[in-house]
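Structural overview
Residues per chain are reported as follows:
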Amino acid sequence: MQGAGRDGRIRYADGAEVQPRRGRSTLARRPSNSSMSIRSISRHRSIDPGVVLPIQYRTLSINLEEGKRRLSKEGSKSAEHDGKVDLDWHKIPVDEVYSRLSSSPLQGLSQAQHARKLKEFGRNLPSPPPSRWFRKALSYLFGGFGSILLVAAILVFIAWKPLGQPPAPANLALAIVLVIVFVAQAVFSMIQDWSSSRVMSSIKTMLPEETFVIRDGMRQQVSGADIVPGDVLCIEMGDKMPADVRFVEVSSDAKFDRSVLTGEAAPLRATVDSTDDNFLETCCIGMAGTHCVSGSAKGVVIATGDRSVFGRIAKLSAKPKEGLTPLQREILVFVGTVVSAMVVFIIIIIIAWAAWLRKDHPNWISVPMLIVSCVSAAVAFIPEGLPIAVTASLTIVAKIMKQNKILCKSLQTVETLGAVNVICFDKTGTLTKNQMTVTDCMAAHDTFTANAAIGITQRVRNISSSYDSGRDLCAEAILELARIGGLCNAGEFDPTKTHLPLDQRKINGDATDQAVLRFVESITSVASIRQEWQNVFRLAFNSKNKFMIQIVQRVPSSGDKQDAKDNMLLTIKGAPDILITRCTHFMNYDGSTQQLTPEKLKFVEETKDKWSAQGKRVILVARKKLVTEYSPQSREFEEEVMQESNSGLELVGLVGIIDPLRDEIAEVIKTLRGAGIKIHMVTGDFKLTAQAIATECGIITQQPKNSDDWTALSTVQLSISELPSTARSLVISGSELINLDKEQWDRLCTYDEIVFARTTPEQKLRIVKELQYRGETVGMTGDGVNDAPSLKAADVGISLGSGSDVAIEAADMVLLDSFSAIVEAVKYGRVVFDNLKKTVSYLLPAGSFSELWPVMTNVLLGLPQILSSFLMIVICCFTDCAAATAIAYEQPEADVLLRPPRDTKRDHLVDWKLILHAYGFVGVLESVCSFSMAYWYAQRKGIPFSALWFGFGNVPSDISAERYAQILNEASSVYFVTLVVTQWFNLMSVRTRRLSIFQHPPLFNSQTRNAYLFLAIILALVFAIFFLYLPRIQQVLGTTPVPVEHWFLPMAFGMGWLLLDEGRKWLVRKRPKSLLGSIAW
C-alpha cells in the first residue's frame, strides 16, 4: 500500500445515505491511481436443489436482534476450529488484524500460507443442508396418491381376510398389486428426485465463483471457494461478499446492502474504524452474502464457510422451503377435485348398497365385494401416472434449460415464463454488447471522427516533439479534451497487459470509462497525464445524477511549493442534457476560455441530437477551476463541490460512443413479438439515443415521426376503448413519467411499443409495478446494480451471466451464454404447461372415465363389473403410465411461439374445456366402444345383454355358472384390450392441441420426432400380453386370451376417432372463433 498523501477520495451523490450510528469516523484511503486496481467478480452462491426440481437460492432475511441472539447463543455453546470464537475483529486496529492472521497489506498471503490455511480451515463452502431422509421418505411414500393407494390396499387385504368367506385369490392379488404400485411410485419419485438433484448440482457450477485477492504481492483471480482467513480481498461495486472481512481500505462512497442478513433496506456506509461495539452493527465489517452497491474497498478475510455470520445463521435457520408454486397449486386443485369426485361416487355406491341392494338383492354384493367396489371406484378415478409424468416433465425441462445455458433459480420461474406477456429490456449490456467505442468527438467549434482526431494529434507530434509550434489548429483542443477525459475517469489499464496492442489491453472499469480511456490513450499517454495530476476527490457516476466528478490537483515539481488548496481542477463528465445548462463558457481552439454564446450552444445541441439520433451515447466533458478553504476530508468540501458543479462550468467537448447491438437481438425481438409478447425498452440513455437503438433492433416499428410522446397521454377526450388497435409506439422520458396520473398510466399501458428513456432505478421499479397493477405478467432484463430493484419486483427477473452480482442475485433467471436463449426459455416455459395438459388429457379418458362406469353399472344397473379392478390397476400403472411419461418428451408445437401467452387467471391446467374433451368426447367414445365390444363378445358366446341388464348376478338357465364366469372373464379382457388399443390412437391425438398429426409427425421429422411414443406403445402391448396370456396370471386373476379380431377392431375404432379429431382440429384452425373453436382445449 502507498501512503495517503495523494488522497483519492470518492463520494456518492445520493442524498439519502445512511450514516454510521456512532458518528463519522476517519477513513483510511489510498490514491485512486494506485497500481493495484480493484475489480472483483466474486459470485459464490449456494443453490439448493429443493424437493422436486427447482434451484433455490437460500436467501436469509432475518431480524437483526434475532441474529444477535442466535450468534450470542452459538458463541457460548460451540467452539470454532481453533478453539475459540473471535467476534472482536471490529475492535482491534488494522495492524493487529494483519498480525493475527499472519498477512500483509502489500504481500497478502503467500502460496505456502494459503495452502496451510486451506488445509486448516477447509474450503469456503457452506455445509450441505441436512438430508432429512426420513421426511423425504414419507413424502415419497404418502405424497400424491400414495396414501389413497395404501388405504385401498389395506381395505382389500381386509376384504380377502377375514371378511372373505372363502378368501378370494383375486382380492389377495389385487391387494398385493396395490402395495407394489404404492412402493413403485415412491421408488420412482425418489429416483426422479435424485436425478433432478444431480441436474441442479451440475447447473450451480455453471456460474463463475471468482474473486480477486492479493497473494505474494500480486493481484490474482481465484476461486471464491479457495479463500482463507488472511486473504486480502478486493471488492468493487456490484460484487457479492464471499466471506466475512475486516475493511482496511474503503472509498468514501463504499456502501453495502445487508438486507439479506438484517432486513434493513437502506445500504450502510463502509468504514475502516469501528462504529459500534456490536459485531453485527459495526460498519467496518463486511459480511458474507452482502452486496457492494457503490464504491470499492479492500478487506482482510476473517471468517469463511460456516464460520462466517451468514454460515452460522444458515446452519441455525436451515429448514425446508414452504409454500407451493403455481403449478403445484394447480395440481393440488386437480387432485382435490379428483378425490372429491371419488368420495362422492363411493358415497353413492355405499348408499345404494345400504338402502337398496343389501335388502332387495342380498346375494349380489357382499361386504367384501362392497369394499372391492369402493376400491375400484377409487382406483378408477385416480390418474396414478400423473405424479410420475409431472416429475418427468420438469426434469426434462431442467435438462433442456441446462443445455441452453439457462439458469432458473426456481420452478416458479419456468412456470411463469409461459405466461409472460410484457418484457422490459434494459439497453446497455442486454440489447447491446456493452463493448463501447468512441466514434466521434467535438472540440472547440468542430466535430471530428475518432480516427480524424487521432490523426490530427499524431500529425502534430510528427512535425515536432514540442507542441509550441507547427501544430494543427484543432490539436490543442483535442488534446485538452483527451486530458480531461483521462482525468475524469474511473477506468484503469491492467498493468500486466501493457505489452499488448491498445485494442487488446484490458481496462478495469465500466464500459463507458473503458471507451473514453482507450480513446484518450490513442491520442496521448494516460499514465503521463495522471502523473502530472493527483486525485483529491471523486464523486462516482450513478444512475440518478447521470454524471461523474473528479477533483484533481497538479503535482508540484521538485522544490516547488504550493498551497494544497490551490490549483485544484473540477473535472466532470456525463449526460449532455443534464450538464449543458450548467455550462457558461467553452474552451476555444487554443485552450482559452470563451463565453458560451447562443450560437455555440445551438451548435452543441444540434451535434448532440444528431449523434443521439444515430444511436450513439453522447458524453459531455467540462472543467472548472476550484478554489476552496475546506479540506478534502471535510463534509463542507463535498457540499462545496456539489454547489460549484451546478453552474459556471467550461465546456471542453463532446464524445460520441457507439455500443453495437448483439448480433441475435433483432431476431429475438421479432420472435418474442410474434409470440404475443409486448416489448418495451427501459434505459437511462438520452431519448433520441434510446429511440434510435429501439428502431434499429425492432422494438419500435414506427417511423420516429409517427411515434407518440407523453402529450398523447393527455388527450382526455379519447377514452381507452377508442384508442387504435394497431401497433402504436410511445417514447417517454423519466422526467415525463413523474407527473403521470392513473388515467394516463392506463393509456400508456395500452401501447404495444414503448421506450422509457432517462429513467432512474426508482422509475424502472414503478414501471414494473404499474404494468403489474394492470394485470400484465412482466419480465424484466438487466445486468447492473441499478437494475436490481426492478429485477426483483418483476414476475420474472432476467439477468445475464456477465452482469453484476447484485443483478444476478435479484434475478429469477440467468442467461449464461447467448441472449437468444431467452427465446428457448419462453418456449419451454410454455411447453412444460402444454405437455402437462396433454398428459392429463391422455390419462383421464381411459384411466378415469372408462374405468368408472363398469363399477357404477355394476352397482346401479345390476350388470357384471365388466372390467376387473385388477385390470384397472394395470391400465393406470402400466399400460398408460409409460405413454404419459413419453408425452413429457414431446417437442414444442410449431405454433407454440405464435400463440398469445397464457392468462394465469383463466388458463388453468385442468379447466372445463379439457374435462369436456377428455370425458365428453374421448371418454364417451372409448367407453361406448369398450362396452360394445365386451357385451357383443358375451352375446356371441351365449349370454345376451338382456340377461345381464338388471340381472344382479342371476345366471341364465341354459348356461352353467362356470361357463357364465368364464365368458364374463373373457369379456372383461376384451374391454381391457379395447381400452389399451384405443389409447394408442388417443396418444397420437393429444400430441397436438390444434395442429394436424401431419404438421407435427411423430417420426421422420427431427423437429417433432418423439420415438418414446412408440416405445410406450410397445410396452403397453407387452404388459397386456403378460397379464392376459401367462397361464399363471390367468389362474390367479381370472384373465384370458383375447381373440385376434378384438385386437384389430379397436384399431379401426381408434383410427375413426383419430380422423374425427383431425377434423375437429382443422375446424379449430380455420374457424378459431366458432363454437368448436371456443370450446377447444
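As shown above, the structure is provided for reference.
Structural notes, computed from the coordinates. (Residues numbered from 1 in each chain as written. Predicted model: local features only at pLDDT ≥ 70, side-chain atom pairs only at ≥ 80, totals over all residues. Heavy atoms only, no water.)

**Remarks on the overall build of the protein chain**
Across its full length, the protein chain holds 36 helices and 31 strands. Here the protein chain, with 1081 residues, has 57% of them falling under the buried criterion. In the protein chain, the proportion of contacts linking residues at least 24 apart, taken out of those at least 6 apart, comes to 75%. In the form shown here, the protein chain has an accessible surface area of approximately 44,100 Å², with 58% of it arising from carbon and sulfur atoms. (Helix = DSSP H or I, 4+ residues; strand = E, 2+ residues; numbered from the N terminus. Buried < 20%, exposed > 50% of the residue type's maximum accessible area, 1.4 Å probe, protein only. Contact = heavy atoms within 4.5 Å. Areas by Shrake-Rupley, 256 points an atom, 1.4 Å probe, with all protein chains shown as cover.)

**With respect to the sheet that holds strand β9 (residues 268-269)**
In spatial order, the strands read β9-β8-β11; together these 3 strands make up an open sheet with antiparallel pairing. Of all strands in the sheet, those bounded by a partner on one side alone are β9 and β11 (291-294). As paired strands, strand β8 (residues 255-257) and β11 are joined by 3 bridges and run antiparallel to one another. Within β11, the residue paired with Phe256 across the bridge is Cys292. (Pairing = 2+ DSSP bridges.)

**What to know about the side chain of Ser869**
Tracing the chain through its elements places Ser869 in helix α29 (residues 869-887). Under the relative-accessibility criterion, Ser869 is labelled buried at 8%. Setting aside its immediate chain neighbours within four residues, Ser869 contacts Leu174, Val372 and Ser376.

**A closer look at helix α22 (residues 687-697)**
Taken as a whole, α22 has its buried residues at Thr689, Ala690, Gln691, Ala692, Ile693, Ala694 and Cys697. Downstream of α22 by a residue or two, Gly698 has a phi angle that is positive, lying close to 100°.

**Description of the layout of surface pockets**
Put simply, the second largest pocket is a space of about 1,300 Å³. Lining the second largest pocket are 40 residues; nearest its centre among them are Ala170, Met369, Gln865, Ala965 and Asn969. Of all the secondary structure elements, the ones that give two or more residues to the lining of the second largest pocket are α6 (169-203), α10 (367-381), α29 and α32 (961-990). Here the residues of the lining of the second largest pocket sort into 23 nonpolar, 16 polar and 1 charged. (1 Å grid on protein atoms, 1.4 Å probe; cavity = no way out; pocket = protein on both sides within 12 Å on 5 of 7 lines; lining within 4 Å. Points joined across faces, edges and corners; volume = space filled by probe spheres on them. Nonpolar A, V, L, I, M, F, W, Y, C, P; charged D, E, K, R; others polar.)

**Quick look at a nonpolar patch on the surface**
Taken together, the side chains of Val151, Ile154, Leu155, Ile158, Leu163 and Val367 define a hydrophobic patch exposed on the protein surface, amounting to about 450 Å² of accessible area. Of the residues forming the nonpolar patch, the biggest block, 4 residues, is contributed by helix α5 (residues 146-160). A residue is classified by how much of its surface remains accessible, and Val151, at 47% relative accessible area, is partly exposed. (Patch = residues over 30% accessible without salt bridge, like charges linked within 9 Å, V, L, I, M, F, W, Y side chains within 5 Å. Salt bridge = Lys/Arg side-chain N within 4 Å of Asp/Glu carboxyl O.)

**Some words on the pairing of strand β20 (residues 547-554)**
When you tally the buried positions in β20, you get 7 out of 8 residues, the bulk of the element. As paired strands, strand β19 (residues 533-540) and β20 are joined by 6 bridges and run antiparallel to one another. Each bridged residue has a counterpart across the sheet, and for Trp533 the counterpart in β20 is Arg554. Count of turn residues in the β19/β20 antiparallel hairpin: 6 residues, of which Lys546 carries a positive phi of about 70°.

**What about the packing of aromatic side chains?**
To describe a pair of aromatic rings, one takes the distance between the centres and the angle between the planes. Applying the stated rule across the entire model yields 19 aromatic pairs. On the numbers, 6.1 Å between centres and 85° between planes, the contact of Trp364 with Phe952 is edge-to-face. On the criterion of sequence distance, the pair formed by Trp364 in the loop between α9 (326-360) and α10 and Phe952 in the loop between α31 (945-948) and α32 is long-range, its members being 588 residues apart. The burial state of Trp364 is the same as that of Phe952; both residues are buried. The ring of Trp89 carries the charged tip of Arg100 above its face, separated from the ring centre by 5.1 Å. The aromatic ring of Phe833 is capped on one face by Arg902, whose charged end is 3.9 Å from the ring centroid. (Phe/Tyr/Trp six-rings, centres within 6.5 Å; stacked < 30°, edge-to-face > 60°. Lys NZ or Arg CZ within 6 Å of the ring centre and 35° of its normal.)

**Comments concerning unusual backbone geometry**
The peptide bond linking Lys161 to Pro162 adopts the cis configuration, its omega dihedral lying at 10°. Its location among the elements puts Pro162 in the loop between α5 and α6. Unusually for a residue other than glycine, Ser102 sits at a positive phi of about 55°. Along the polypeptide, Ser102 turns up in the loop between α2 (94-100) and α3 (111-121).

**What to know about the nonpolar core**
Counting 162 residues, the largest nonpolar core has Leu178, Leu672, Ile822 and Phe976 as its most contacted members. Residues contacting Leu672, with those up to four places away along its chain left out, are Ile423, Phe425, Ile677, Ile679, Ile822, Val823 and Val826. (Core = buried A, V, L, I, M, F, W, Y, C linked by side-chain atoms within 4.5 Å.)

**Brief notes about helix α30 (residues 912-940)**
The terminal C-alpha atoms of α30 lie 39 Å apart, and with 29 residues this matches the ideal 42 Å at 1.5 Å per residue to within 8%. At Gly923, α30 shows its largest bend, some 40°. Following α30 by one or two positions, Gly942 adopts a phi angle in the positive range, close to 110°. (Expected span 1.5 Å × (residues − 1). Bend = angle between axes of the 7 residues up to and from the residue.)

**Observations concerning the pairing of strand β30 (residues 796-800)**
In terms of burial, β30 is largely enclosed, as 5 of its 5 residues are buried. Along β30, one buried face is formed by Val796, Ile798 and Leu800 and the opposite face, lined by Gly797 and Ser799, is buried too. Once you follow strand β29 (residues 778-781) into helix α26 (residues 788-793) and on to β30, the crossover reads as right-handed. As paired elements, β30 and strand β31 (residues 813-815) share 3 bridges and run parallel to each other. Bridge pairing links Leu800 to Leu815 in β31. (Right-handed = clockwise from strand over helix to strand, strands pointing away.)

**Some thoughts on the environment of Asn954**
Relative to the assigned elements, Asn954 resides in the loop between α31 and α32. Once the C-alpha coordinates of Asn954 and Gly862 are considered, the two residues, 92 residues apart in sequence, prove to be 9.5 Å apart. If sequence neighbours within four positions are ignored, Asn954 has contacts with Ala947 and Tyr964.

**Description of the environment of Phe212**
Following the sequence through the fold, Phe212 ends up in strand β4 (residues 210-215). As a C-alpha pair, Phe212 and Gly224 span 12 residues in sequence and 8.7 Å in three-dimensional space.

**Describing the pattern of salt bridges**
In the structure shown here, the tally under the stated rule is 38 salt bridges. Residues Asp440 and Lys616 are paired through a salt bridge, measuring 2.5 Å at the closest nitrogen-oxygen approach. You can see Asp440 sitting in strand β15 (residues 437-443) and its partner Lys616 sitting in the loop between α19 (598-613) and β24 (617-626), a full 176 residues away along the chain. By relative accessible area, which is 12% here, Lys616 ends up buried. Residues joined by salt bridges that share partners form a network here, namely Glu476, Glu480, Arg483, Arg623 and Glu650.

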